[in-house]
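Residue strings, one per chain:
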Amino acid sequence: MNTPPPPPGAERTDGSPVRIGALVPLTRPGWVEAGRHLLAGLELAVDEVNDAGGIAGRPLELVVRDTAADPQRAAAAVDELARLGVAALAGEYHSVVARAAAARADALGLPFLCSSAVLDALTERPTEWVARLAPAQSHGWQIYADFLLGAGHSRIAVAAQPSVYWASGTRILRDHLTPRGGTVIELDVPAPDPTALCDELVENRATALLLLVGHPEPAVPIVKAVRHDERLAEIMIGAPAGQPEFAEWPTLLGGDGAAIPFLRYLPERLSPLGVRVGTALRERLAEAPSFVAFEGYDTVALLADVLRSHGTDRARTAESWSRVAFEGTRGKIRFSRTPGISVSQWAWPPVQVVDRDPAEPDRFRILHTG
């Protein structure tokens, strides 16, 4: 027997589940590994909330929808989840997909706590319905640009596929680097042979190449081509969007995938809570948890805290963002209205630039913090 969903914003006292809708990329062309880590974090937090008594005695239930990196599919999922009576939305990794979901959530009056997407303009207009845990792209990528300058790189090539996200990243890098003496050189992404890209890197005397492209294609063949071109032995390859974070990267690239700096949103040292959650996530994933898994955990844990304190009414949840003071796995989470950001923003999560150690590719080296 299916229990009909309550009207939007209605409180229930009959012991029926409190539902949270979860948007996660679980199939291609979505970044499936990121989706798996995000879902592991979301599910772990749900289990812990229920072990502690749920939401005022009601069990917490995660209603998962696969976005497959498709904005239209995500928007349709938001409509469906709203009809099912979810108290709030959580999740999503891909920025362009999260933007579509946020627009629908705003239109429907459905609270959305975005876990991992970073695009600054997550909504076209300021909204009270959406909050975000991940740092805005402009914040993280400026830190990455500072790392590049500190490492002595002033001629920086970017290989960027057509996308609002990659175009935004290129613009942030150029705007930050150019006044500081840096040069950003835009290169065409090769298809299917990356040899021409190697020729352009040599011709432009680039000292760094940034991969603003999808994973595994075309990122993996580009890395292999550059690593095995003797003319480019000294060039640094970077991936600010985090492609080397997940285990598939060293599996596909071996030693070629090491020493490629990327952004990661973790503190240098986890708190006791972070250590405990990290251990539990490792058991679920059978591998080291990424920062995305911690983002997923913090999302549901924070939403549960809000729902316990303010009830399941959607409007009260959205109104509560400014009053949140929650101890997450990566620090104290507070939301504010940040200039240039249209949603309630945690300003800021910890940011690191890290890479995989060439001597031990399963170990990460912290190169820079911001």
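Check the entry above for the structure.
Residues numbered from 1 in each chain as written. Predicted model: local features only at pLDDT ≥ 70, side-chain atom pairs only at ≥ 80, totals over all residues. Heavy atoms only, no water.

To continue, consider the pairing of strand β15 (residues 352–357). The element β15 is extensively covered by neighbouring structure, given that six of its six residues are classed as buried. Note that strand β10 (residues 262–264) and β15 share three bridges and pair antiparallel. Its bridge partner lying in β15, F262 is registered against V354. Bridge count between β15 and strand β16 (residues 360–369): six bridges; the pairing is antiparallel. Looking at the pairing, D355 lines up with R365 of β16. (Buried < 20%, exposed > 50% of the residue type's maximum accessible area, 1.4 Å probe, protein only. Helix = DSSP H or I, 4+ residues; strand = E, 2+ residues; numbered from the N terminus. Pairing = 2+ DSSP bridges.)

The next point concerns the pattern of salt bridges. Here the idea is simple: oppositely charged side chains can pair when their charged atoms come close. Evaluation of the coordinates by the stated rule reveals 16 salt bridges. In this structure, the salt-bridge partner of R125 is D106, at a minimum N-O distance of 2.9 Å. Residue R125 is located in the loop between β4 (112–114) and β5 (130–132), and its partner D106 is located in helix α3 (residues 95–108); the two are separated by 19 residues in the primary sequence. Classification of D106 as buried rests on a relative accessible area of 11%. A salt bridge links E186 to R174, with the shortest nitrogen-to-oxygen separation between them at 2.7 Å. With a gap of twelve residues between them, E186 in strand β7 (residues 183–187) and R174 in helix α5 (residues 164–177) connect regions that are remote in the sequence. R174 gets classed as partly exposed once you look at its relative accessible area, which sits at 30%. One salt-bridge network, in which partners are shared between bridges, spans D199, D229 and R231. (Salt bridge = Lys/Arg side-chain N within 4 Å of Asp/Glu carboxyl O.)

Time to look at the packing of helix α4 (residues 137–150) against α5. Remark: α4 packs on α5, axes separated minimally by 9 Å, with the N-to-C direction vectors making an angle of 50°. Judged by the inter-axis angle, α4 sits oblique to α5. Where α4 crosses over α5, the two elements pack in a sense that is right-handed. Here α4 contributes Q137, S138, W141, Q142, A145, D146 and L149 to the contact with α5, which in turn contributes Y165, W166, S168, G169, I172, L173, H176 and L177. Residues of the contact of α4 with α5, tallied by class, amount to eight nonpolar, six polar and one charged. (Axes fitted to C-alpha atoms, helices over the stretch in contact; angles between N-to-C directions. Parallel < 35°, antiparallel > 145°, perpendicular 65-115°, else oblique. Left-handed = near helix turned anticlockwise from the far one by under 90°. Contact = heavy atoms within 4.5 Å. Nonpolar A, V, L, I, M, F, W, Y, C, P; charged D, E, K, R; others polar.)

This part takes up the pairing of strand β3 (residues 88–91). Where strand β1 (residues 18–24) and β3 come together, four bridges link them in parallel fashion. Within β3, the residue paired with G21 across the bridge is L89. Where β3 and β4 come together, three bridges link them in parallel fashion. Paired with L89 across the bridge in β4 is F112.

Take the sheet that holds β10 next. Strand order in the open sheet formed by three strands is β10-β15-β16, with antiparallel pairing between adjacent strands. Unpaired on one side and paired on the other, β10 and β16 mark the two borders of the sheet. Direction aside, the axes of adjacent strands within the sheet are offset by 45° on average.

Take the side chain of D357 next. Tracing the backbone through its elements, the reader meets D357 in strand β15. At 2.5 Å, the side chain of D357 and the side chain of R363 are in polar contact. Beyond its immediate sequence surroundings of up to four residues, D357 is in contact with A258, R363 and R365. (Polar contact = N/O pair within 3.5 Å; in protein donor to acceptor, adjacent residues only side chain to side chain.)

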